[in-house]
Amino acid sequence: MRSTLTVVVPCYNERANIAPMVAALQAALAGIAWEVVFVDDNSPDGTADEARRLAQSDSRVRCIRRVGRRGLSSAVIEGALSSSADYVAVIDGDMQHDETRLPLMLEALQGGAALAIGSRHVAGGDNAGLSSPFREKLSNLGIAVAKKLTGAEVNDPMSGFFMLRRDLFESLAGRLNGQGFKILLDLVLASPTRLKIVEIPYKFRPRTAGESKLDALVMLQFAGLLVDKALRGTVPLRFISFALVGAFGVLINIAVLEAARSVGVGFGLAQTIGTFVAMIANFELNNQLTYRTQRLKGPKIWRGLLLFVLVCSLGAIANIGIANALYAQDASSIMAGAAGAAVGVVWNYAVSATLVWRSR
Ligand code: GDD
Ligand code: MN
């Protein structure tokens, strides 16, 4: 039988929540032709096994197990793209969202809305489940910024609980940033036209099993998503991250240079040490942040580091060569230096993206 609704559930280490989730959907969606797709990123706790165990006795349960990748947004995208139903819903796999709201969302869509959002910030909604006052402050700050970007049409743009027509999702899929947690915001901002949005209040429940995966890196990715959208995709997000890491590397270089000189090391050697320390630090930061989704691990790290140092050394030669040439042609030293640095960072970015962190 064809499904009307596919419920996509991103999950990482949610084994204990899988069976309760299926039971809750079964109760909430009586009378609707639904299926559920758990998208698991190879959780060590065996989340995928648990989902498959249930699938054996219930053909409405499906599981996508992704290997070598992590990320809530990209998991949601893959789950939604696996659907052939008329509508796709996204709900967290930890029972914090209120699945009994799903039929109301479906009604809103069948009544002509393009997107139905489970909202903690409209009358009747509630955010009590956020784990700490700090999380709540941060959440409110994020909402304020996101509202500016979306033109304030959504009261809870950070919600991870929503439903939309599958064909709409398909049409936006190619424009999504796909990084981090904020897939809803990503969708709203990706739409070239203003979407007809309905917000359905719900109470965010506290987590009972497992733990939250929202950490500092996820928040940084959120900041990145906002910058990316604010620039409207004119500059690749990765380049911004790479350039910021590079700027940080300059500070490390200077700090090490000064430290070495203060203990009597000569300038040439001190600068060489500073440069290498900065390259290694930049490699590590880019591996953790810029290329988080294709992070090099194990023995591949050493090969990557070696290549990175080679690439950056060539970048430094290009930088110095261009700066010297411009300076010789009467450019001011600041202009010459800046042009050299700009060529260097573009070179480092372009070459390391293809050689060091080749996407698989
Ligand atoms: N596949 C996959 N891969 N799933 C993930 C990953 C990942 O890397 N990281 C998190 N998840 C799953 C979790 O297992 C959970 O089912 C869901 O995504 C939400 O993650 P939590 O770690 O529980 O996030 P939270 O409770 O702090 O925040 C959530 O709720 C907020 C309020 O609706 C997120 O959905 C936020 O986006 C949302 O604003
Ligand atoms: Mn949660």
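Residues numbered from 1 in each chain as written. Chains lettered and ligands numbered in written order. Predicted model: local features only at pLDDT ≥ 70, side-chain atom pairs only at ≥ 80, totals over all residues. Heavy atoms only, no water.

Peer 1: Would you mind going over the side chain of N348 in detail, with residue names and values included?
Peer 2: Tracing the backbone shows N348 in helix α12 (residues 333-355). Taking relative accessible area as the criterion, N348 reaches 13% and is therefore assigned buried. (Helix = DSSP H or I, 4+ residues; strand = E, 2+ residues; numbered from the N terminus. Buried < 20%, exposed > 50% of the residue type's maximum accessible area, 1.4 Å probe, protein only.)

Peer 1: Give me the site of ligand 1: which residues, what numbers.
Peer 2: In the vicinity of ligand 1, 27 residues are found, and the nearest of them are E14, R70, D94, M158 and K213. Contact between ligand 1 and G93: an oxygen atom at 2.7 Å from a main-chain N or O atom of the residue. Interatomic distance of 2.7 Å between a side-chain N/O atom of D94 and an oxygen atom of ligand 1. Protein chains bury 98% of the 740 Å² of accessible surface belonging to ligand 1 in isolation. At the level of secondary structure, the elements contributing two or more residues to the shell around ligand 1 comprise β1 (5-11) and α3 (72-81). (Near = heavy atom within 4 Å. Polar contact = N/O pair within 3.5 Å; in protein donor to acceptor, adjacent residues only side chain to side chain. Areas by Shrake-Rupley, 256 points an atom, 1.4 Å probe, with all protein chains shown as cover.)

Peer 1: An account of the coordination of the manganese ion (ligand 2) is requested, with residue identities and associated values reported.
Peer 2: Tetrahedral coordination by four donors sets the ideal angle at the metal to 109.5 degrees; octahedral coordination by six donors sets it to 90 or 180 degrees. The manganese ion (ligand 2) binds to the protein through D94 (OD) and Q96 (OE1), with metal-donor distances spanning 2.0 Å. Judged on exposure class, the residue D94 and its partner Q96 are both buried. (Donors = N, O, S within 2.8 Å, 3.2 Å for Na, K, Ca; no water.)

Peer 1: Describe the side chain of S191, listing the residues and the values that go with them.
Peer 2: Residue placement: S191 occurs in the loop between α7 (183-190) and β7 (197-201). Residue class for S191 comes out buried when judged on its relative accessible area of 12%. Here the side chain of S191 touches T193 through a polar contact of 2.6 Å, landing on its backbone oxygen.

Peer 1: So what's going on with helix α1 (residues 15-28)? Residues and values would help.
Peer 2: Taking 1.5 Å of rise per residue, the 14 residues of α1 would be expected to cover 20 Å, and the 21 Å separating its terminal C-alpha atoms lies within 8% of that figure. Where α1 is buried, its residues meet β1, β2 (34-40), α2 (47-57), β3 (61-65) and α4 (102-110). (Expected span 1.5 Å × (residues − 1). Contact = heavy atoms within 4.5 Å.)

Peer 1: Describe the sheet that holds β2, and please don't skip the residues or the numbers.
Peer 2: With respect to topology, seven strands assemble into an open sheet ordered β3-β2-β1-β4-β6-β5-β7, the strand pairing being mixed. If you trace the sheet from one side to the other, it starts and ends with β3 and β7, each paired once. When strand polarity is set aside, the average angle formed by the axes of neighbouring strands in this sheet is 20°. The pairing of β1 with β2 spans seven bridges and is classified as parallel. Opposite V9, over in β2, you have F38 as the bridge partner. Seen against the sheet, α2 touches β1, β2 and β3 and runs at an angle of roughly 155° to β3. Where α3 meets the sheet, it contacts β1, β2, β3 and β4 (87-90), and its direction lies at approximately 150° from that of β1. (Pairing = 2+ DSSP bridges. Axes fitted to C-alpha atoms, helices over the stretch in contact; angles between N-to-C directions.)

Peer 1: Report on the pairing of β4, specifying residues and quantitative values.
Peer 2: Because side chains alternate across β4, one face comprises the buried residues Y87 and A89, and the other comprises V88 and V90, equally buried. As paired elements, β1 and β4 share four bridges and run parallel to each other. Paired with V7 across the two strands is A89, which belongs to β4. Where β4 and strand β6 (residues 162-165) come together, four bridges link them in antiparallel fashion. Looking at the pairing, Y87 lines up with R165 of β6.

By themselves these figures say nothing about function.
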